[in-house]
Amino acid sequence: MEAHADTVKRLCVLYLKNHADTEDIFQTVFLKYTLSSTAFESAEHERAWFIRVTINACKDLLRSFFRRRTVPLEQAAVQAVREEDGAVLEAVLALPEAYRTAIYLHYYEQYTAPEIARLLGKNTNTVYTLLTRGRERLRRALEGNGDGA
Amino acid sequence: MEHEIVRAFQTVRAEESLKADTLERVLEAAARRRRRRRLGALAAACCCLALVVLGAVYRTPTSVISIDVNPSLELTVNRFDRVIAVSGYQEDGEALAASLRLLHLSYAQAVDRVVESPAVAACLERGEWLSISVVELDADQGAEILRYISACTAGTENASCRAVDQASVACAHDLGLSYGKYQTYVEIQAAGGSLTAQEAGEMTMGQLRALLAELEGGPAAGNGQGAGGGQSADSQGSASGQGSIPQTGQNGGHHGQDHHGG
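Residues numbered from 1 in each chain as written. Chains lettered and ligands numbered in written order. Predicted model: local features only at pLDDT ≥ 70, side-chain atom pairs only at ≥ 80, totals over all residues. Heavy atoms only, no water.

Undergrad: Please set out the interface of chain A and chain B residue by residue, giving values where relevant.
TA: Taken together, the contact between chain A and chain B spans 31 residues of the former and 24 residues of the latter. Buried area between chain A and chain B, summed over both chains or domains, comes out near 2700 Å², and the portion from carbon and sulfur atoms is 69%. In this assembly, chain A and chain B are joined by seven residue pairs in polar contact (both at pLDDT 80 or more). Put simply, the parts of the chain that give the side of chain A that touches chain B at least two residues each are helix H1 (2–15), helix H2 (19–35), helix H5 (76–85), helix H6 (87–94), helix H7 (97–108) and helix H9 (124–148) of chain A. Of all the elements, H2 of chain A adds the most residues to the side of chain A that touches chain B, at eight residues. Broken down by class, the residue content of the side of chain A that touches chain B amounts to 18 nonpolar, four polar and nine charged. (Contact = heavy atoms within 4.5 Å. Buried area = accessible area lost by both parts, 1.4 Å probe. Polar contact = N/O pair within 3.5 Å; in protein donor to acceptor, adjacent residues only side chain to side chain. Helix = DSSP H or I, 4+ residues; strand = E, 2+ residues; numbered from the N terminus. Nonpolar A, V, L, I, M, F, W, Y, C, P; charged D, E, K, R; others polar.)

Right under this line is the structure:
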């Protein structure tokens, strides 16, 4: 659990921005891992499995009718992070979902565009576009913050 | 920008409490899964055992119905009233057994099929004698089968049925005879006849019964010689206990009791 707990938590924060949902998905992912019969070929394969399963679980939750109708826009998890980190994280989390996922996987998890494309089931060129536009948006947001300060 | 993003995300970490709660749930789930697997394995083992026991019970014979005209055929019946084995004796018996699909039918259906088969029907048309013997391994079932066969043969003049004690016909198969034919063969020997088992096997039931009647000094039974009429040396016991299983040897030295048709 130690090896992947932070990765799963970061992806949950990236998608959900809600403490209760984050906790649910975090536990769900590790339960799936325990019950899974997947034979991992390497540590890298295992890490990719965690990333893919977490992203899918988050998307499933966001799509769920029940959640859309009942969950308030709680920002507890994000705020807890914001206080510690500040503008950069806030700017990444403010990006549209596709951009922030690509930015996170590329800059933090060090995946290349083709690897991200495989993980997310997208076209490689689409990932390049997402990275380029995400960077531009991020730069503009951070410059805007700097101007305002 | 890359370093700033990495630094920003490094501040996001799974809390120890979250990890501890998750670990607890994961361990619980794993324990539940192990329990379910153990229960599943146990249930599967029980099912297998039940199947084995049921299979063994199904394959255990509880009665044998020996149908003799010439051809001779034996139907082995289990406690579920199903035919689990069919044996033909001599060439014509084997041919008859091979021509009929009797396995796993109820004994009633199987007996009907045999009696209505072209080979047996032709024999009856010629006035041959149809003898059906029930070897009782399970007394209740034997009585039930005998009751059914008695009812079936009630309308046939040249037919008889009887219960036969297994002990008295135990060596029938060693001599290559069906239980029913062996019973008559033993009766002929007891009456002073000098017939070999091979000769008995080649004779029709009508011929054997005629020989027995001759040795006992009674009237000839319905047979291949055209005697017919449904009367035979065994007829004394025919009126009593239709469907009941009489004891061996009660019938004038015979090892069984006949219930005649007609």
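Undergrad: With reference to specific residues and values, describe the packing of H7 of chain A against helix H8 (residues 113–120) of chain A.
TA: Residues and elements named next belong to chain A. Viewed as axis vectors pointing N to C, H7 and H8 meet at an angle of 130°, and their least axial separation amounts to 10 Å. As the angle between them shows, H7 and H8 are arranged oblique. Once H7 is placed against H8, the crossing between them reads as right-handed. Residues Thr101, Ala102, Leu105 and His106 of H7 form the contact with H8, whose own contacting residues are Ile116, Leu119 and Leu120. Residues that form the contact of H7 with H8 fall into these classes: five nonpolar, two polar and no charged. (Axes fitted to C-alpha atoms, helices over the stretch in contact; angles between N-to-C directions. Parallel < 35°, antiparallel > 145°, perpendicular 65-115°, else oblique. Left-handed = near helix turned anticlockwise from the far one by under 90°.)

Undergrad: How would you sum up the pairing of strand E1 (residues 61–68) of chain B? Please name residues and give values.
TA: Residues and elements named next belong to chain B. Extensive coverage of E1 is indicated by the burial of seven of its eight residues. Here seven bridges tie E1 to strand E2 (residues 72–78), and the two strands are oriented antiparallel to one another. Along E2, the bridge assignment pairs Ile67 with Leu73. Between the end of E1 and the start of E2, which pair antiparallel, lie three residues, with Asn70 showing a positive phi angle near 150°. Inspection of the sheet shows E1 paired to strand E4 (residues 130–136) by six bridges, in the antiparallel sense. Following the sheet pairing, Ser63 is matched in E4 by Glu136. (Buried < 20%, exposed > 50% of the residue type's maximum accessible area, 1.4 Å probe, protein only. Pairing = 2+ DSSP bridges.)

Undergrad: Explain the packing of aromatic side chains residue by residue, including any values.
TA: Taken as a whole and judged by the stated rule, the model has 13 aromatic pairs over all chains. A centroid spacing of 5.3 Å and a plane angle of 85° characterise the contact between Trp49 of chain A and Phe50 of chain A, whose relative ring orientation is edge-to-face. For the pair Tyr107 of chain B and Tyr148 of chain B, a centre-to-centre distance of 5.9 Å together with 80° between the ring planes defines the contact as edge-to-face. You can see Tyr107 of chain B sitting in helix H4 (residues 107–116) and its partner Tyr148 of chain B sitting in helix H6 (residues 139–153), a full 41 residues away along the chain. Among the aromatic residues, those joined into a cluster by ring pairs are Phe26, Phe30, Tyr33, Phe40, Trp49 and Phe50 of chain A. (Phe/Tyr/Trp six-rings, centres within 6.5 Å; stacked < 30°, edge-to-face > 60°.)

Undergrad: Tell me what's going on with helix H3 (residues 43–63) of chain A, and back it up with residues and numbers.
TA: Under the 1.5 Å per step criterion, the end-to-end length of H3 of chain A is 30 Å for 21 residues, consistent within 8% with the ideal 30 Å. Along H3 of chain A, the residues classified as buried are Glu46, Arg47, Ala48, Trp49, Phe50, Ile51, Val53, Thr54, Ile55, Ala57, Cys58 and Leu61 of chain A. (Expected span 1.5 Å × (residues − 1).)

Undergrad: Lay out the pairing of strand E3 (residues 83–89) of chain B with the relevant residues and their values.
TA: Residues and elements named next belong to chain B. As judged from the six bridges shared by E2 and E3, these two strands associate in the antiparallel manner. Bridging from a neighbouring strand, Ser72 pairs with Tyr89 of E3. Between E2 and E3, which pair antiparallel and follow one another directly, the connecting turn spans four residues, one of which, Asp81, has a positive phi of 65°.

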